Amino acid sequence: MLRLYNTASRKLEDFKPLTDVVRIYTCGPTVYNYAHIGNMTAYIYWDLLVRTLEANGYKVKRVLNLTDVGHLVSDADEGEDKLEKGAKREGKSVFEIADYYIKAFMKDYRALELLEPDVLARATDYIKEDIEAVDKMTANGFTYETADGIYYDTAKFKQYSDFARLDLEGLKAGARIGFSDEKRGVSDFAVWKFIKPGEQHEMRWDYLGRPGYPGWHLECATIIHEELGEPIDIHTGGIDHIPVHHTNEIAECYAAYGKDLAKYWMHCDFITIDGEKISKSLGNTYSLADLAERGFSPLDYKMWVLSGHYQGTRNFTFDSLEGAKARRLNWRNRIAECYQSTEVRNNTSEKCDFGQVISAVNNNLNSSEAFALIDSSNLSLEDWKKVDELFGLKLIADTPDIDDDVRDLIKARQEARQAGNYAESDRIRDELAAKGIAIKDTASGPVWHYAK
Ligand code: AMP
Ligand code: ZN
């Protein structure tokens, strides 16, 4: 039985799908810059979620959105649109910026062996539907108009603060005076923004006779409505999404369609790097390309992410990444040992089967416990294949069996050794090393491993 922690109930719950296809929505990236490794953690954890559901026999339909409009630098309704900012920085159009960083994101996504979503939804492809949703919210009495846009009147949605357990009185007390002259409540938010005369905003659509663009949260509510139908089974995101973005998505869904948005909500925590926040000023916004320059593959990083729990605050160091890389190589070489005779295997005392691995992961995606189990037990090649499928680590594909030429070399080296011709056996050992194959001599004969 799969158990997941549900942010909405603050409890571990047994997973029960709403229909015969599990519908999942993942809040995706704002495509105005390269993703750093912190941004990619979420997609790795949610990839494990989908793979775990599939390993449990569920069919999954998953939507991932790409935010190419409306996400302002403050996460609230102030400041510049991140896409417009990116365009200015690079002297390109916002459309070029979006196209470029979507490609960069998907390159990272694929390098991490993450399962493709069934629908990859670009926010700007749903503007007509966004406008229909705003019309519905207005017709249902949930919005009001200001000089700045159409705002959601959160006082109209009695459960507004429930999801994030928001302290609205505290928020009110802490609010800046004059934040918005016409905003009625401190938690009210823009569902649609107007573009003021002279304001630079390349992406614009006509609504109510004026140019404007959707507020950030609306795209998710709209895309879920169009592509999945609410309530969906599982909605995922980062913990930073709880108090504003997800709270507002829920409010919009209720106002437009009178429905709950999702049954289960899952949120992953942030990583720090060497104990520090990831930030430009600290120069630690490493991308997968930066890790590659230091000799680490995207899958070494995926291995590092999955060695911890999605709800834990993780601290990334290059030493711990080195450990993840060594672990992946160790697992690959245990697969290599499966290709060889059973006597030469590194026999650990414990034997485990895939059932135990999946049980660990079924406990709220506890990949860390599953990894420890795999480390300390002996698996068959069949079980390694299942492990590989569950975590998407490309272990088998990156560990082909040796070909006949290499097999002949290993045999020739062994014969040279037995004949006391150590110069020849050393020469062959070097020849094998140049091919990336390391030889270990054991009581039951030579065992080959991949050197990297
Ligand atoms: P940003 O582009 O900085 O707004 O980040 C986009 C999303 O990536 C955020 O909403 C977070 O959910 C996630 N994120 C950002 N920084 C980190 C981090 N250090 N660790 C994990 N996730 C992060
Ligand atoms: Zn979202």
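Attention in this report is confined to the structure presented alongside it.

Analysis parameters
- Residues numbered from 1 in each chain as written.
- Chains lettered and ligands numbered in written order.
- Predicted model: local features only at pLDDT ≥ 70, side-chain atom pairs only at ≥ 80, totals over all residues.
- Heavy atoms only, no water.
- Pairing = 2+ DSSP bridges.
- Helix = DSSP H or I, 4+ residues; strand = E, 2+ residues; numbered from the N terminus.
- Axes fitted to C-alpha atoms, helices over the stretch in contact; angles between N-to-C directions.
- Contact = heavy atoms within 4.5 Å.
- Near = heavy atom within 4 Å.
- Polar contact = N/O pair within 3.5 Å; in protein donor to acceptor, adjacent residues only side chain to side chain.
- Areas by Shrake-Rupley, 256 points an atom, 1.4 Å probe, with all protein chains shown as cover.
- Donors = N, O, S within 2.8 Å, 3.2 Å for Na, K, Ca; no water.
- Buried < 20%, exposed > 50% of the residue type's maximum accessible area, 1.4 Å probe, protein only.
- Salt bridge = Lys/Arg side-chain N within 4 Å of Asp/Glu carboxyl O.
- Expected span 1.5 Å × (residues − 1).

### Quick look at the sheet that holds strand β7 (residues 149-152)
The pairing of strands in a sheet comes from backbone hydrogen bonds and takes either a parallel or an antiparallel form. Overall, antiparallel pairing links the five strands, which are arranged β6-β7-β8-β10-β9 in an open sheet. Because the sheet does not close on itself, it has two edges, and the strands there are β6 (143-145) and β9 (205-207). Sheet twist, expressed as the average angle between the axes of neighbouring strands with direction ignored, equals 35°. Here helix α7 (residues 242-257) sits on the sheet in contact with β7 and β8 (189-194), set at roughly 80° to β8.

### Here's the deal with the site of ligand 1
Around ligand 1 sit 13 residues, and of these Gly38, Asn39, Lys82, Asp240 and Ile271 come closest. Note that an oxygen atom of ligand 1 is positioned 3.0 Å from one of the side-chain N or O atoms of asparagine 39. About the coverage of ligand 1: the protein hides 78% of its 480 Å² of free accessible area. Among the elements that line the shell around ligand 1, the one with the most residues is helix α1 (residues 37-55), at three residues.

### Looking at the coordination of the zinc ion (ligand 2)
Surrounding the zinc ion (ligand 2) are the protein donor atoms Cys27 (SG), Cys220 (SG), His245 (NE2) and Glu249 (OE), which sit 2.0 to 2.3 Å from the metal. Along the chain, the residues that donate to the zinc ion (ligand 2) are spaced as C-x192-C-x24-H-x3-E. Placement of cysteine 220 in helix α6 (residues 218-227) and of glutamate 249 in helix α7 is noted, with a sequence separation of 29 residues between them. Judged by its relative accessible area of 0%, glutamate 249 falls in the buried class.

### With respect to the pattern of salt bridges
Where charged atoms from two side chains of opposite charge come close, those side chains can pair. Under the definition given, this model contains 27 salt bridges. Residues lysine 156 and aspartate 153 are paired through a salt bridge, measuring 3.4 Å at the closest nitrogen-oxygen approach. Its relative accessible area of 7% is what places aspartate 153 among the buried residues. One salt bridge in this structure joins arginine 429 and aspartate 441, with 3.5 Å as the shortest N-O distance. Here aspartate 441 lies in strand β17 (residues 437-442) and arginine 429 lies in helix α15 (residues 422-434), a separation of twelve residues in the sequence. Note on arginine 429: relative accessible area 31%, which makes it partly exposed. In this structure, a network of salt bridges that share partners links the residues Arg413, Arg417, Arg429 and Asp441.

### Describing the sheet that holds strand β12 (residues 262-268)
With respect to topology, five strands assemble into an open sheet ordered β5-β4-β3-β11-β12, the strand pairing being parallel. Of all strands in the sheet, those with a lone pairing partner are β5 (119-122) and β12, marking the two edges. Neighbour-to-neighbour, the strand axes of the sheet open up by a mean angle of 20°, direction not taken into account. Direction of pairing for strand β4 (residues 59-66) relative to β5: parallel, over a ladder of four bridges. Each bridged residue has a counterpart across the sheet, and for asparagine 65 the counterpart in β5 is alanine 121.

### Description of helix α4 (residues 127-139)
Taking 1.5 Å per residue, 13 residues should reach 18 Å; α4 reaches 18 Å between its end C-alpha atoms and fits that length. By the burial criterion, the buried members of α4 are Ile127, Glu129, Asp130, Ile131, Ala133, Val134 and Met137. Of the residues flanking the end of α4, it is glycine 141, one or two places downstream, whose phi is positive at about 85°.

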